[in-house]
Each structure stands twice: as C-alpha cells, then as structure tokens.
Amino acid sequence: MAVDNRFAQDHWEKRDGESAGIRSEIVTGPVSDWTADFSHMEPEWSADPYPIQDDLRQRCPIAHTDRFGGGWLPTRYEDIAAIAADTEHFSSRSIIMGNFRPPVEIAPIGGSPPITSDPPFHHDARKLLLPAFTKTAVSRLQPATKEFCHSLIDAFEGRDVVDAAADYAQHIPMRVIADMLGFPPQDGPQFREFAKNTLEGINLPREERVTRMSALFYYLLAQVHDHLDNPRDDLTTFLINAELDGRKLEVSHVVGTMTLLLIAGIDTTWSAIGASLWHLARNPGDRRRLVAEPQLLPTAMEEFLRAYAPVTMARLVKEDMHFRGVEMKAGDWILLSYPAANRDPAQFDRADQAIIDRQINRHAAFGLGIHRCLGSHLARMELRVALEAWLERIPEFSLADPSAVAWSTGQVRGPRTLPLRIRRG
Amino acid sequence: MKVQIDVGFCQGHGRCYDLAPGLFGDDEEGYGKVLGDGVVPPEKEDDARRAALNCPEHAIGLIEGT
C-alpha cells in the first residue's frame with residue numbers, strides 16, 4: 001500500500017492564504033448613508049440591523065457600498081432568493097465579505113469546499129458530506145447533546161445570574177462539532193478564537209489576519225496528522241480517506257472542508273440558541289406559554305430562526321451585469337442577508353414580530369438553493385435540545401442587565417454576552 | 001389528495017418530513033422523499049398542506065381530488 005504522504009511538509013504549499021487575489025483598502029468608521037456606504041462591520045449594524053434593513057427595503061432596496069472594494073446589499077426576499085438560485089452569475093468562491101477577494105481561478109473549488117464551491121464541482125464535494133448530516137444521522141448525537149446541556153445547567157448551581165451566551169449556548173455546538181471531527185473537547189476555547197478570527201476579524205490589518213488564519217490551518221494540519229497516526233470513526237478520518245473520481249482529496253480540500261465544518265457550526269448555532277433565549281427572556285408571555293406547551297417548541301424554534309436568523313452569506317459577481325435596477329461590476333460583493341429576506345413583509349405576515357405559533361413559515365435562515373446549510377439538521381437538533389433542557393430546568397428567567405447584552409459583529413449575528421437572572425424549576 | 005416532490009427543487013431542508021413524517025421521509029443524503037404511493041389519507045390532509053406551505057424551495061406539489 002502506498003504511503004499517504006499528501007500531508008508531509010514538503011507536499012503542500014506554505015499558504016499565507018492570500019497569495020493572489022485583490023486586496024482593498026480597509027475602511028472603518030460610522031456609516032454616512034446606509035444606501036451608499038453600508039457596512040456590516042459597524043456597531044450600529046451589530047446592535048440592531050433590522051430597522052436599517054427595513055428602511056432600505058422600503059426606499060432602496062439594493063444598497064451599495066464602496067467599502068470592501070465595492071458591494072451590494074439586497075434587502076427584499078425575492079432579490080435575495082433570485083441571487084441564491086443564480087450560480088451562473090454569482091460565485092461562492094468567497095462567502096465572507098471582507099477586504100480580500102480571491103482570484104477567479106480559485107473557482108469552482110474555493111478555499112473551503114463545498115461552501116466556497118460553484119457548480120459543477122460543488123455537487124460532488126457536497127454529496128460526500130451529506131450522509132453524515134442527515135436528520136437520521138444527527139439524531140444519533142442527540143442523547144449525548146442532551147446530557148451535555150444538562151451538565152452545563154448543573155454547573156449553574158448556586159448562581160442567580162448566568163451568561164446564557166458564554167456559559168451555555170457557546171459550549172453546545174463546540175462540543176458537538178469537536179466530537180464529530182474527533183478533536184479534543186478541551187480545545188473548545190481555541191475553536192472560539194478560530195471562529196472569531198475568521199468571521200469577525202475581517203477588518204484587521206492584513207498581516208494580523210494572515211497570522212491568525214495560519215494558526216487555524218496549522219491546528220487542523222496537526223489534527224490530520226494525529227488521525228493519520230490513529231485513524232478513528234470520525235469526520236477527519238473520513239475526509240482523509242474520501243475519494244472523488246477515484247482519487248483521494250487534495251490536502252487543500254481536506255483542510256478546507258475541516259475549516260468549514262469547524263467554523264460554520266459554532267458561531268451560527270451559538271447565535272441561534274442565544275437569540276432564542278434572549279427573546280424568551282424579554283417576552284415572559286412567550287416563555288410561559290412554551291413552558292406550559294412544550295409541544296409548541298418546534299414551531300417556536302422555526303420562528304426564532306426566521307426572526308433572528310444568524311447567518312448572512314456573500315457572493316461575488318462574475319461578470320458586469322444589470323440586476324433589477326443596479327449596474328453590478330465583475331468582482332463586486334453581494335452581501336446575501338437571509339435575515340433581511342426573513343423580515344420582508346411582502347413574504348411574511350407581520351414580518352417584524354416573532355409569533356411563536358406561526359404556522360406558515362417559509363423562512364430562509366438556512367439559505368436557499370444549492371448551498372442550503374449542510375448542518376441545518378444538526379443545528380435544529382442542537383437548538384431543540386438546548387431549549388428543551390433550558391426550559392425544563394430553568395422555567396423562569398429574565399434579562400439581568402439589558403444594557404450588558406452584546407451582539408457579535410459581521411455575517412453571523414447572535415448574543416455574545418447575555419446575562420440572565422434565573423430561577424430553577 | 002396526493003403529494004409529490006419536485007426533485008429539481010428539493011434541497012433537503014427537511015421541512016416536509018419534520019411536519020408530515022407519515023407522508024414524507026429522508027433519503028440517505030437528506031433529500032425529501034414521498035413515502036409509499038403519495039396518496040394522503042383524509043386525516044393527514046392538513047399535514048400535507050402544512051408541509052407544502054413550509055417548504056422553502058416550493059418543491060412540494062399537492063394534487064387535490066385524487
């Protein structure tokens with residue numbers, strides 16, 4: 001049997017991650033005009049993006065910015081759905097809108113397949129992963145997830161105020177994905193740093209960003225080597241052995257997909273759990289109703305996903321084009337705001353209100369089109385189990401200090417500090 | 001009533017098999033599939049409508065009167 005030397009030091013290029021491509025000037029500071037200078041990296045957007053999106057939807061509805069080298073922000077459901085469906089004109093080769101745009105040549109694979117992949121490559125790369133993320137497959141992780149949630153609540157013993165974001169929500173997806181990838185569970189705090197650097201560090205100076213992204217790459221490479229030495233039944237070993245068209249995957253594909261699985265599952269689900277608890281802490285009527293009628297949870301959960309959708313994606317315009325009244329240039333960003341789509345009154349009745357028994361809810365929290373969140377069934381399982389355990393053990397809770405609630409910046413939005421006053425049941 | 005899934009639109013969101021598990025299931029890649037011949041017993045017609053109305057990709061068809 002041939003030795004698998006794909007991962008030997010001299011077989012992969014030392015990557016600074018940004019060797020080719022276009023860098024743009026880093027522009028920060030207050031937004032002067034949301035229609036012409038928008039930024040998802042400023043504090044007023046993080047604190048409350050919904051009034052900004054609602055205003056743009058009424059009077060714009062596709063905003064522009066010169067920041068990040070130029071980009072567009074559609075705010076209507078139908079425009080967002082149309083772009084998500086149109087892989088002919090919009091590329092996923094980078095899905096994080098920042099100051100670096102990878103070269104066209106990186107398509108159709110991209111840095112973290114399959115989320116950064118375009119057709120036709122996307123289909124095969126995604127197909128490899130789908131079986132591990134079906135509802136049936138992830139249901140096997142449910143008992144351990146439930147037990148872990150309860151252990152986090154056990155640790156609240158004797159406390160009147162807990163941080164539901166930092167002490168609870170955060171830990172659940174970190175533990176689940178560490179188990180799936182076969183990484184040491186005690187590395188959780190590092191995962192948090194990796195995710196924060198990737199998603200929130202986009203306006204850092206280039207050298208700093210490259211250094212931080214390299215740390216993630218080397219961490220993953222070390223995990224690959226550990227799995228080469230000690231193969232086991234997990235996603236890392238699966239990716240090392242996986243084949244496309246009869247060939248094992250390139251190193252960049254293996255590590256790129258590991259990056260995706262590690263990063264995509266953490267801040268997103270953390271945000272969804274945190275935002276749901278934030279809503280219930282502020283709305284005692286909804287909280288009491290869910291405690292009394294736990295069978296309503298599946299419907300309520302979908303509504304929290306709609307109203308507080310954590311994830312915004314990005315696309316790059318492939319060629320100069322006219323799109324619904326605006327002139328897009330090749331290489332322009334599209335900030336694909338599923339949260340904005342989910343609050344479009346043309347698509348949803350009482351779009352600005354969270355209605356926990358909403359029966360018809362065609363929300364786009366997990367995206368639309370071929371890039372539907374691979375982990376959506378996993379996220380739903382974690383969200384349901386996390387809320388069930390919390391409501392069962394802590395039926396009474398409220399915001400301990402509304403002014404202390406802090407939200408993340410960038411394309412994944414959720415509470416990062418959420419102090420709750422709790423009374424256990 | 002009969003249900004069907006347009007496989008050209010289904011992206012595996014799974015709302016159909018969440019909301020109407022007796023009518024829909026998931027395949028080995030998580031895409032929705034119609035169980036059996038797709039004929040909906042009268043007591044499950046509401047479930048079928050809910051599944052169709054909650055599919056983000058509009059992939060579910062309801063054929064009334066069959």
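Let me begin by describing the structure that accompanies this report. (Residues numbered from 1 in each chain as written. Chains lettered and ligands numbered in written order. Predicted model: local features only at pLDDT ≥ 70, side-chain atom pairs only at ≥ 80, totals over all residues.)

1. Describing the overall build of chain A
Helix and strand counts for chain A come out as 16 helices and 16 strands. Against the 2.2 N^0.38 benchmark of 22 Å for 425 residues, chain A shows a C-alpha radius of gyration of 21 Å, consistent with a compact globule. Overall, the C-alpha framework of chain A stretches about 60 × 55 × 35 Å when taken along its three principal axes. (Helix = DSSP H or I, 4+ residues; strand = E, 2+ residues; numbered from the N terminus. Rg over C-alpha atoms; globule rule 2.2 N^0.38 Å.)

2. A few points about the sheet that holds strand S3 (residues 71–74) of chain A
Two orientations exist for strands paired in a sheet by backbone hydrogen bonds: parallel and antiparallel. Residue and element names in this part refer to chain A. With mixed pairing, the 5 strands of this open sheet are ordered in space as S2-S3-S12-S9-S4. Two strands lie at the open edges of the sheet, namely strand S2 (62–65) and strand S4 (90–91), each paired on one side alone. Of the pairings in the sheet, the one linking S2 to S3 comprises 4 bridges and is antiparallel in character. Among the inter-strand pairings, Ala63 is bridged to a residue of S3, identified as Leu73. (Pairing = 2+ DSSP bridges.)

3. Overview of the interface of chain A and chain B
Taken together, the contact between chain A and chain B spans 20 residues of the former and 14 residues of the latter. Where the side of chain A that touches chain B is concerned, the elements lending two or more residues are helix H5 (135–139) and helix H16 (376–393) of chain A. Among the residues forming the side of chain A that touches chain B, the class breakdown is 8 nonpolar, 8 polar and 4 charged. (Contact = placed C-beta atoms within 7 Å. Nonpolar A, V, L, I, M, F, W, Y, C, P; charged D, E, K, R; others polar.)

4. Describing the pairing of strand S9 (residues 312–317) of chain A
All names here are of chain A. Across the 6 residues of S9, 6 count as buried, placing the element largely inside the fold. Burial along S9 is two-sided: the face carrying Thr312, Ala314 and Leu316 and the face carrying Met313, Arg315 and Val317 are both buried. In this sheet, S9 lies alongside S4 in antiparallel orientation, the contact comprising 2 bridges. Bridging across to S9, Phe90 finds its partner in Val317. Taken together, the 5 bridges between S9 and strand S12 (residues 333–337) define a ladder with antiparallel strand orientation. Bridge pairing in S12 links Thr312 to Ser337. (Buried ≥ 20, exposed ≤ 12 C-beta atoms within 10 Å, placed from the backbone.)

5. Digging into unusual backbone geometry
Residue and element names in this part refer to chain A. For the bond from Cys60 to Pro61, the omega torsion is -25°, close enough to zero to count as cis. You will see that Asp245, though not glycine, has its phi angle at about 50°, which is positive. Among the residues examined, Asp245 registers 5 C-beta atoms within 10 Å and is labelled exposed.

6. A short note on the nonpolar core
Leu277 and Ala386 of chain A are the most contacted members of the largest nonpolar core, which has 111 residues in total. Top contributing element to this core by residue count: helix H12 (residues 251–282) of chain A, with 17 residues. (Core = buried A, V, L, I, M, F, W, Y, C linked by C-beta atoms within 7 Å.)

7. Topic: helix H4 (residues 121–129) of chain A
Residue and element names in this part refer to chain A. Among the residues of H4, His122, Ala125, Arg126 and Leu129 are the ones counted as buried. Summarising the axial view, the buried residues of H4 lie within an arc of 95°, below the 170-degree limit, and thus occupy one face. For H4, the exposed residues set more than 90 degrees away from the buried face come down to His123 and Lys127. (Arc of directions from axis to C-beta.)

8. Quick notes on the packing of helix H8 (residues 171–181) of chain A against H16 of chain A
All names here are of chain A. Interhelical geometry of H8 versus H16 gives an angle of 135° and a closest axis separation of 11 Å. Between H8 and H16, the interaxial angle falls into the category oblique. In the packing of H8 onto H16, the handedness of the crossing is right-handed. Counted together, Ile172, Pro173 and Val176 of H8 and Leu378, Glu382 and Ala386 of H16 form the full contact between these two elements. Classifying every residue of the contact of H8 with H16 by side-chain character gives 5 nonpolar, no polar and 1 charged. (Axes fitted to C-alpha atoms, helices over the stretch in contact; angles between N-to-C directions. Parallel < 35°, antiparallel > 145°, perpendicular 65-115°, else oblique. Left-handed = near helix turned anticlockwise from the far one by under 90°.)

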